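Notes for the structure review
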Amino acid sequence: MKNTLFALFALSAANILASSTPVGFIDDYDLALERAKTEKKYIVADFSGSDWCFWCQRLDKEVFQQEAFVSVATNKYVLLMIDSPRDKNILSEKAKTQNKALVRRYKVNGFPTVLLLNDEGKIVGETGFVGGGPENYLKHLEEKVAAIPAYLSYVKPLVKRINGFYRHYSEEMTKAMATVQGKDKSEVEAVERETTLQLVEEFLAIIAEERAKEVPDAAKLECEKILREAESGAVKLAAKFAP
């Protein structure tokens, strides 16, 4: 009997040690939403790659695994870990079934991505790795919470417009290429070039229009970052088809 109990204890301890979820975090998305509603808190959702992503490991070690962070943050937020490790054995059964779908749902393209979610699971803020230790990260989260009205009024609509243009670009390119299906290579390349440059010009006009808008300080840096990245991508695309 003692040997059986010891074996069970050892297995339980091994599972705890193997888990990628830091102390104070949960890995159940549905439970996080439930707790956010009940406790009237925002969710801090850490999208991580705990066993391969260097910056994720630094964020865990320097912030999320620190008592100075956990002791304060657990009283203010619901802490949620959505891990995408190479070794799936370190995930709970719940995490194995939900995490991949959540990465797709929230369109997470880089790690670590840290989202502020409301109790309906809607994004109200976004960040990632920030150096300076647990105290600085807590301050950073407080600033993100204070900026939620600006995020919803300025950043989120901007992201929606940019993503809307990406869909428009894909649709227009599909239509254009359909008109030269079966044609010779030079004609196909000419239509691809002309359509791309026309759409890039249209996109850069949208970026210029967005830049001209009055944006409060709480959203200005985030909006400019989004516009700068979008502009850089458009310029690089145009350069590929430049004469």
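So, a few notes on the structure that sits alongside this text. (Residues numbered from 1 in each chain as written. Predicted model: local features only at pLDDT ≥ 70, side-chain atom pairs only at ≥ 80, totals over all residues. Heavy atoms only, no water.)

Remarks on the layout of surface pockets
Over the atoms, a rolled probe matching the size of one water molecule traces out where space is still vacant. Within this model, the largest pocket holds a volume of roughly 1,500 Å³. What lines the largest pocket is a set of 40 residues, among which Glu126, Tyr151, Val159, Glu222 and Ile226 lie closest to the centre. Counting residues per element, the ones that place at least two in the lining of the largest pocket are strand S3 (113-117), strand S4 (123-127), helix H6 (133-146), helix H7 (148-178) and helix H9 (217-240). Take the lining of the largest pocket: its biggest share by element is 10 residues, from H7. Counted by class, the lining of the largest pocket contains 17 nonpolar, 10 polar and 13 charged residues. Estimated volume of the second largest pocket: approximately 230 Å³. Lining the second largest pocket are 14 residues; nearest its centre among them are Glu210, Lys213, Val215, Cys223 and Leu227. (1 Å grid on protein atoms, 1.4 Å probe; cavity = no way out; pocket = protein on both sides within 12 Å on 5 of 7 lines; lining within 4 Å. Points joined across faces, edges and corners; volume = space filled by probe spheres on them. Helix = DSSP H or I, 4+ residues; strand = E, 2+ residues; numbered from the N terminus. Nonpolar A, V, L, I, M, F, W, Y, C, P; charged D, E, K, R; others polar.)

Section: the sheet that holds strand S2 (residues 77-83)
Reading across the sheet, the four strands line up as S2-S1-S3-S4 and stay open at both edges, with mixed pairing between neighbours. A strand with exactly one partner marks an edge of an open sheet, and here the two such strands are S2 and S4. Pairwise comparison of adjacent strand axes, ignoring direction, gives a mean angle of 20 degrees for this sheet. Pairing of S3 with S4 involves four bridges; the strand directions are antiparallel. Along S4, the bridge assignment pairs valine 114 with threonine 127. Contacting strand S1 (42-48) and S2, helix H4 (residues 67-76) crosses the sheet at an angle of about 110 degrees to S2. (Pairing = 2+ DSSP bridges. Axes fitted to C-alpha atoms, helices over the stretch in contact; angles between N-to-C directions. Contact = heavy atoms within 4.5 Å.)

Description of the pattern of salt bridges
Per the counting criterion, the structure on display carries 17 salt bridges. One salt bridge connects arginine 161 with glutamate 209, and the closest N-O pair in it is separated by 3.1 Å. Residue arginine 161 is found in helix H7, and its partner glutamate 209 is found in helix H8 (residues 185-211); the two are separated by 48 residues along the sequence. A relative accessible area of 43% means that glutamate 209 is categorised as partly exposed. (Salt bridge = Lys/Arg side-chain N within 4 Å of Asp/Glu carboxyl O. Buried < 20%, exposed > 50% of the residue type's maximum accessible area, 1.4 Å probe, protein only.)

What about empty space enclosed by the protein?
Using the criterion set out here, one finds one cavity of 30 Å³ or more in the structure. Taken as a whole, the largest cavity spans an internal volume of roughly 30 Å³. Lining of the largest cavity is provided by Val114, Leu115, Leu116, Gly125, Glu126, Thr127, Leu141 and Lys144. Residue assignment for the lining of the largest cavity shows that the elements contributing at least two residues are S3, S4 and H6. Partitioning the lining of the largest cavity into residue classes produces four nonpolar, two polar and two charged.

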